[in-house]
Amino acid sequence: MNKMERTLSSPEAEIGIKVEDLWQGLEPQLTPSEKLNSCFKELEVSSFPSTPLSQVIDIPSDSSLREAIEILSKHKILSAPVRDVAAPDDASWMERYIGVVEFAGVAMWLLHQFELSAKRKDGTTSRITDSCERASLTGSFFEALTSSEFYKNTTVRDISGSFRWAPFLALQTSDSFLTMLLLLSKHSIRSLPVVDFGEGKLVNIITQSAVVHMLAECVGLDWFDSWGNKSLAEVDLPCVKPDNLVKVQEDEPVLKAFELMQKIQIGGLPVVDATGNRAIGNISIRDVQYLLNAPDIYKDYRTITAKDFLMAVRSYLAKQKPDSPLLKGVITCNKDDTLKDVILKLDSMNIHRIYVTGEKDILEGVVTLRDIISKLVYEPANYFGDFFDIYM
């Protein structure tokens, strides 16, 4: 495939061509890693493909949780920056935003509060509990939670700092790809708002998924192949080894999986069979929505096992979203697969993690979007300097 064809294929491939041109012009004595760092340092974030304007939104800090969820659902997005409505007109961007709220974080907070309320004895609590118990027979558990007066009066600001709440860490349009890639990998940021300081507005939001999609569009270019044709084992993946892999047994309550994710601050984990060595599925923090929305699941949410939860979700999706990757079961690879193989699988299936298996399908670890990006670049000494000080 020639360069002209690549340029016409997609905006992401156009970035690949720019990297290719920079790559070809670098000194031959540089190592491949040094070359990649140098190339990505030359590109500005402003050239990254834009998120649809309908998705570059923010949520006022005084919005109720119900309103916040409606905004996220309307725009079909999982997270958004939270704008501080109390900030003065002349406030800086850092003062104007107080963090990033995620749908999964709100859902987990609601679920946790409901669990707490179920254990109390006072009248207010019992009314909340009773209304949600009735939802198991009459409608959506999640709707019952978010329509109660208590949750209508709880604002996004009230839950700042809760699970999956991230600081508002923004890029300027003039920042480099290298800065972006390092923040999304080495510093574990899941999404990065991009601010045009000149125009004074949000212009883009870059996610780990968007970066991996960009990489998938660059397959076949020299710079990509020099890196992407390496096997997972060659780049020391998976990072998390079997003994340290957080997992849940198939016969354990699914609530335990979500509690583990909340406690350890991870986005997903495998469900393993009775041996503890073979994965039968994956539960993501995003799947909490089915615990609250799917009628066949939320009515038994306290007792349903991880295995039955997976089966119920697949049954639900088969009717509602037949093209969902969750219907394909657990997605795996092995250590001999290349970075390219894994990137293409992650991108085509729109998933955030893939499990590494060995002989007899024994679970050997997990590779995430963050892991992939972290192997693309390295962080030079003192690269960020006092960059993070303004967010402290």
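So, a few notes on the structure that sits alongside this text. (Residues numbered from 1 in each chain as written. Predicted model: local features only at pLDDT ≥ 70, side-chain atom pairs only at ≥ 80, totals over all residues. Heavy atoms only, no water.)

A short note on the packing of helix 3 (residues 32–42) against helix 10 (residues 177–185)
Quick note on the threshold: Here the axes come from fitting lines to C-alpha atoms, over the contacting stretch only for helices, and the angles between their N-to-C directions go from 0 to 180 degrees. A run of H or I in DSSP becomes a helix once it reaches four residues, and a run of E becomes a strand once it reaches two; helices and strands are each numbered from the N terminus. By the definition adopted for this analysis, an angle is roughly parallel if under 35 degrees, roughly antiparallel if over 145, roughly perpendicular if from 65 to 115, and oblique otherwise. Any two residues whose heavy atoms approach within 4.5 Å at even a single point are treated as in contact. Only Asp, Glu, Lys and Arg are considered charged in this grouping, and only Ala, Val, Leu, Ile, Met, Phe, Trp, Tyr, Cys and Pro are considered nonpolar; every other residue, Gly among them, is considered polar.
For the pair helix 3 and helix 10, the least separation of the axes is 6 Å and the interaxial angle reads 115°. On the basis of their axis angle, the class for helix 3 and helix 10 is roughly perpendicular. Across the interface between the two elements, Asn-37, Phe-40 and Lys-41 of helix 3 pack against Phe-177, Leu-178 and Leu-181 of helix 10. Here the residues of the contact of helix 3 with helix 10 sort into four nonpolar, one polar and one charged.

Structural notes on helix 10
Convention followed: A simple rule labels every residue: compare its accessible area, found with a 1.4 Å probe on the protein chains alone, to the largest value its type can have, and call it buried under 20%, exposed over 50%, or partly exposed in between.
Of all nine residues making up helix 10, nine are buried, and the element is well covered by its neighbours. Listing the buried residues of helix 10 in full gives Phe-177, Leu-178, Thr-179, Met-180, Leu-181, Leu-182, Leu-183, Leu-184 and Ser-185.

Things to note about the sheet that holds strand 7 (residues 248–249)
Cut-off, in case you're wondering: Following DSSP output, two strands are said to pair if at least two bridges run between them.
Taken in spatial order, the three strands line up as 7-8-9 in an open sheet, and their pairing is mixed. Since the sheet does not close on itself, it has two edges, and those belong to strand 7 and strand 9 (279–284), each with one partner. Two elements, strand 8 (residues 268–272) and strand 9, share five bridges in a ladder whose sense is antiparallel. Across the sheet, the residue bridging to Pro-270 is Asn-282, located in strand 9. Across the sheet, helix 13 (residues 254–264) is in contact with strand 7, strand 8 and strand 9; its angle to strand 9 comes to roughly 55°.

Notes on the pattern of salt bridges
Inclusion rule: Throughout this description, the term salt bridge denotes a Lys or Arg side-chain nitrogen within 4 Å of a carboxyl oxygen of Asp or Glu.
Enumeration according to the criterion identifies eight salt bridges in this entry. Here Glu-364 ties to Lys-335 by a salt bridge, and the two come within 3.9 Å at their closest N and O atoms. Note that Glu-364 is positioned in strand 12 (residues 363–368) and Lys-335 in the loop between strand 10 (332–333) and helix 17 (339–349), a separation of 29 residues in sequence. For Glu-364, a relative accessible area of 22% puts it in the partly exposed group. Linking Arg-370 and Asp-371 is a salt bridge whose minimum nitrogen-to-oxygen distance equals 4.0 Å. The class of Arg-370 is partly exposed, set by a relative accessible area of 31%. Exposure remark for Asp-371: the relative accessible area of 7% places this residue in the buried category. The structure contains a network of salt bridges with shared partners spanning Glu-102, Arg-164 and Arg-190.

With respect to the nonpolar core
As a reminder, the rule being used: Only buried Ala, Val, Leu, Ile, Met, Phe, Trp, Tyr and Cys residues count toward a nonpolar core, and they belong to the same one when joined by side-chain atoms within 4.5 Å.
Residues Phe-40, Met-180, Leu-215, Trp-223, Trp-227, Ile-372 and Leu-376 are the most contacted members of the largest nonpolar core, which totals 54 residues. In terms of residue count, the dominant contributor to this core is helix 10 (seven residues). Each residue touching Met-180, except ones within four places of it in the same chain, is listed here: Val-45, Phe-48, Leu-171, Leu-192, Ile-206 and Val-211. Counting residues in each nonpolar core, the second largest holds 49 residues, with Ala-80, Val-254, Leu-255 and Leu-291 among its members.

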